[in-house]
Amino acid sequence: MIEHVRDGCTVRAFLLPDFKYVTVMLAGIKAPMTKQDGTSEPYAAEAKYCVESLLLQRDIKIILEGVSNQNLLGTVLHKMSAGWGGKKKTENQ
């Protein structure tokens, strides 16, 4: 489950059944970031909002792709994605 969205390309996930928190950098994403000093790149807030609206507090699956600077690099699948194991929902369903 996604517990926190740091920016448009980094999330904090709670893994079950291990009950562990991990930081996951989204594979294949380059989004504007908010820096630790509070400054942000243009459109950083919009990128963060987009990821929050898709993933925050939702059940997900993570496919580990690698490690970068003590963070996991992975693909995040959610129930609306084709890789979840079912069909994508359409407007008629």
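This text goes with the structure placed above it.
Everything numeric in this text was worked out from a predicted model, so none of it was measured.

**Q** Sorry, what's going on with the nonpolar core here?
**A** Among soluble globular proteins, nonpolar side chains are generally buried collectively. Listed in full, the 11 residues of the largest apolar core are Ile-2, Val-5, Val-11, Ala-13, Val-22, Val-24, Leu-26, Val-51, Leu-55, Ile-60 and Val-76. Counting only elements with at least two residues in this core, the list comes to strand S1 (2–7), strand S2 (10–15), strand S3 (20–26) and helix H1 (44–55). It is S3 that contributes the most residues to this core, three residues altogether. What Val-22 contacts, discounting residues up to four positions off in sequence, is Val-11, Arg-12, Ala-13, Leu-15 and Leu-72.

**Q** What is the right way to look at the pairing of S1 in this model?
**A** Side-chain direction in a regular strand flips from residue to residue, so the side chains alternate between the two faces of the sheet. Where S1 lies against S2, four bridges are found, and the strand directions are antiparallel. Bridge assignment links Val-5 to a residue of S2, and that residue is Val-11. Where S1 hands over to S2, the hairpin turn is made up of two residues, counted between the paired strands.

**Q** Sorry if this is basic, but what is going on with the pairing of strand S4 (residues 60–68) here?
**A** Bridge analysis of S4 against strand S5 (residues 71–78) gives eight bridges, and the strand direction is antiparallel. What sits directly across from Val-67, in S5, is Leu-72. In this structure, the hairpin formed by S4 and S5 is closed by a connection of two residues, where Asn-69 is found at a positive phi of approximately 50°.

**Q** Please clarify how the sheet that holds S1 should be interpreted in this entry.
**A** One key point about sheets: their strands pair by backbone hydrogen bonds, in either a parallel or an antiparallel sense. Read across the sheet, five strands follow the order S1-S2-S3-S5-S4 without closing on themselves; strand pairing throughout is mixed. Each end of this open sheet is capped by a strand with a single partner; those strands are S1 and S4. Taking each pair of neighbouring strands and ignoring which way they run, the sheet shows an average axis angle of 40°. Here S2 runs beside S3; their pairing, made up of six bridges, is antiparallel. Note on S3: the bridge partner recorded for Thr-10 is Met-25. Across the sheet, H1 lies against S1, S2, S4 and S5, angled at about 165° from S1, the strand it touches most.

**Q** I'm lost on the environment of Pro-32 in this one. Help?
**A** Considering the arrangement of structural elements, one finds Pro-32 in the loop between S3 and H1. Separated by 14 residues in the primary sequence, Pro-32 and Glu-46 have C-alpha atoms spaced 8.9 Å apart. Dropping the residues within four chain positions of it, Pro-32 is found in contact with Asp-7, Gly-8, Glu-41, Pro-42, Tyr-43, Ala-44 and Ala-47.

Here is what the cut-offs are and how they apply
Residues numbered from 1 in each chain as written. Predicted model: local features only at pLDDT ≥ 70, side-chain atom pairs only at ≥ 80, totals over all residues. Heavy atoms only, no water. Core = buried A, V, L, I, M, F, W, Y, C linked by side-chain atoms within 4.5 Å. Buried < 20%, exposed > 50% of the residue type's maximum accessible area, 1.4 Å probe, protein only. Helix = DSSP H or I, 4+ residues; strand = E, 2+ residues; numbered from the N terminus. Contact = heavy atoms within 4.5 Å. Pairing = 2+ DSSP bridges. Axes fitted to C-alpha atoms, helices over the stretch in contact; angles between N-to-C directions.

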